[in-house]
Structure formats: structure tokens, C-alpha cells
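# Architecture at a glance
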Amino acid sequence: MRAAVLHEIGQDKLEVLDDVEAVGFGPGKVRIRVRATGLCHSDVSAMSGVLPQPAPFIPGHEGAGEILDVGDGVTGLDQGQRVLLCWLPACGSCPACKRGQTQLCLAGFMNAGTPNFKRPGGDVFGFAGTGTFTEEVVVDAGCAVPIPDDVPFDIAALIGCGVTTGLGAAINTAKVEAGSSVAVIGCGGVGISAIQGAKLQGAAQIVAVDPVASRREAALRFGATEAVAPDALADAKQRITAGEGFDYVFEVVGKSATARTAYENTRRGGTLCVVGAGALDDYFQVSMFELFFDEKRILPSMYGGGDVLRSYERAIALWRAGRIDLESLITHRVPLAGINEALEQMRTGAALRTCIEI
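For the structure given in this document, a descriptive report is provided here. A quick note: this is a predicted structure, and the numbers were derived from the prediction, not measured. (Residues numbered from 1 in each chain as written. Predicted model: local features only at pLDDT ≥ 70, side-chain atom pairs only at ≥ 80, totals over all residues. Heavy atoms only, no water.)

## Some words on the environment of Met302
With respect to the secondary-structure elements, Met302 resides in the loop between β17 (297-300) and α11 (308-320). Distance in space between the C-alpha atoms of Met302 and Thr165 is 7.3 Å, their sequence separation being 137 residues. (Helix = DSSP H or I, 4+ residues; strand = E, 2+ residues; numbered from the N terminus.)

## Looking at the nonpolar core
Proteins that are soluble and globular tend to have nonpolar side chains buried together. Judged by nonpolar contacts, the single largest core of 99 residues is most densely connected at Ile32, Phe133, Val182, Ile195 and Phe250. Each of domain 1 (1-160 + 304-355) and domain 2 (165-298) accounts for three or more of the residues forming this core. The contacts of Val182, once residues within four sequence positions are left out, are Val176, Ala198, Ala203, Gln205, Ile206, Val207, Phe246, Tyr248 and Phe250. Core analysis: the next-biggest nonpolar cluster, separate from the first, contains twelve residues, Val207, Val209, Val228 and Phe246 among them. (Core = buried A, V, L, I, M, F, W, Y, C linked by side-chain atoms within 4.5 Å. Buried < 20%, exposed > 50% of the residue type's maximum accessible area, 1.4 Å probe, protein only. Domains from an automatic or database assignment. Contact = heavy atoms within 4.5 Å.)

## Section: unusual backbone geometry
Looking along the chain, the bond that leaves Ala55 and enters Pro56 is cis, with omega of 0°. For Pro56, the location among the structural elements is in the loop between α1 (41-48) and β5 (57-58). Although it is not a glycine, Lys175 sits at a positive phi angle of roughly 55°. With a phi angle near 55°, Ala242 is a residue other than glycine that sits in the positive phi range. By the secondary structure assignment, Ala242 is in the loop between α8 (233-241) and β15 (246-251). Classification of Ala242 by relative accessible area gives exposed; the value is 63%.

This is how it looks when you write it as C-alpha cells:
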């Protein structure tokens, strides 16, 4: 079967091969025919080594498709069923799951260390235990979440990561209050979803911050009240908050420099919500005095900061009701053979989300 493979960490292009096999099928597993997958910035971060991932590997974790086969012991899933892929399934029995913090379950991360593909030359890993830049993938049954028939594969794929992450950051983690002021730094697919979440929550001012003009223009269509380049954020802060700072600032880039900028633009007593996934050796620094004196809440948000299954259902309900726009998040479409074109669209900021149609 065909799949896009990264041979070594640090390479900036993928090779589409036709000698890849999905392996590991058996009890507790399902085999999925991938129909659509989104390109998320985390895929690029894994390719560059910012996020830890064994190589060679197949990127992709934001996918949807149909079940081809169901292993022994699997209940609630059947051949032909339409599903989205959850890259962070909850085991239901660990301390985090028992506390209701299923987004912190480590079971899914354990899958990342087990190869679920192979080639004639050896094992191949799937990113985050999935690897959706491929025609077929074998995953734990918990990774396959049924979707209603009226939800297209491309929309379901987005809900599998970017939409859930951005919406959840605003709704679950930050709990944006009605009438508040918000700034979102980084306006790709996740940042735009955070903007939509802030709008849903009733924020009065939502400032989108991004260096790419096309993304700033898009942010206005999704609910931002204004959009500025990074060097104009200080002026926006002065105009909108009289210099005090925003009630909520979302960092959706994954770098300490932008996290520091976000902190400095959050008002005293306000909330900095860190959504971007960054590097192990990139440290965010705050002095002990300002930590005490400013009383700013620093809230990381992992996968939307809530139960992902409930978050999926909420996103679908909001999409059906016309309260969020998911179709317009997909600005580009390419076949699997055009995966490197999709990577370039992300790196240049041309795309909010590129859908790889398989």
C-alpha cells in the first residue's frame, strides 16, 4: 500500500512509497482505510525533531476513514463503520482517567513506541501511535471513534485534532467569559478554532495575531474583531485595554518567545493559555516576583483540556447547528502524492488546513 514516509528526523520532505504494510492487527485492534487526513503543525514538529518521535515514521494523526476489519474482543465497532482517529485514546483505568482528565492518559503515548507499519527494509512507526498519511492503518480499538453518517470524512478528520484542541482551549481550559477581551497568537487551524471558541463563549474583543496576511484576513471571517501583525500587538493592547492587557491570551505557536509575548500582553489576574506544542529544551521563563505580583494564571491546554469524546460530540453538534465553520478551515486539498506540496503550504502559512485526500 502507499504511504508517506520520513526516513530520518530532520528531513523536510516525505517519500511516498508503495511497499508499506500496516501490521499489528489482532485482538483489540482495528484496521482502518483512511479516506481523509489533515496536516497538523505537530506533524511538521515531529519531522524536525521538536516533538520526540522514533524514525522512520509515517506522519499524520488527524484522520478519518472506514473500518476494514475488527479484531477479537472488540465491541461496538463493525466492518464498514465510519470513524475518526483519536490519537490519544483514554484507557479508562489509569489515575488520570479516574479523575476525569482523560486528555492526560498516557496509554496513547505508549503506542508511539511500537511500530505499526513495516517495509522490506524494516519497521516503520506511526506518528503518535497512528500515522494517517497512508491508505490503511492498524490501531487500538479505542483510537477508532464512530462518526454519524452526515459528517464528511474531511470534517471528521479536523475534529480529530485541530478543532478539538482549539475549541477546547477556549471552552474547557481557559473558560473564556462573556464580554471579555481575547488575543490569539498564531492563527493556523488550531488558532482559528480557538477564535471560534472564544466567539462561542461571548468574548467582546478577539484580536488575531499572525505574521501572514492571508491568515489575518481569514481570522476576521471566523470571528476575530480585528487582526494584526505581531509588531502591532502592543498598539492593539493599548487601544483595546488601555494598556492593561487582555483578559485571555492564547499562545498557539509552541515557542517560548511567543509564550513570553503572550504573558506580557495578559493583564494582571488574567489568563495565559498555552496551546502550542513546543520543544523539550525550549524553556519559558517567568521571574518569581512577577509570578507572585501579577497573579496571572498560566494554563497549558492538552488536546483541548477535556474529555475528547465529549469534545468531539460537542464539535459535531455546533457544526450541525451552524455555530462553527469547519468547511472553510480547509483551504487546500491535495492527494497523498502531493504531500510535500501540503508541507510547503503549511510552512509558508498559505494554508489554514490542507486536507490530504486518500
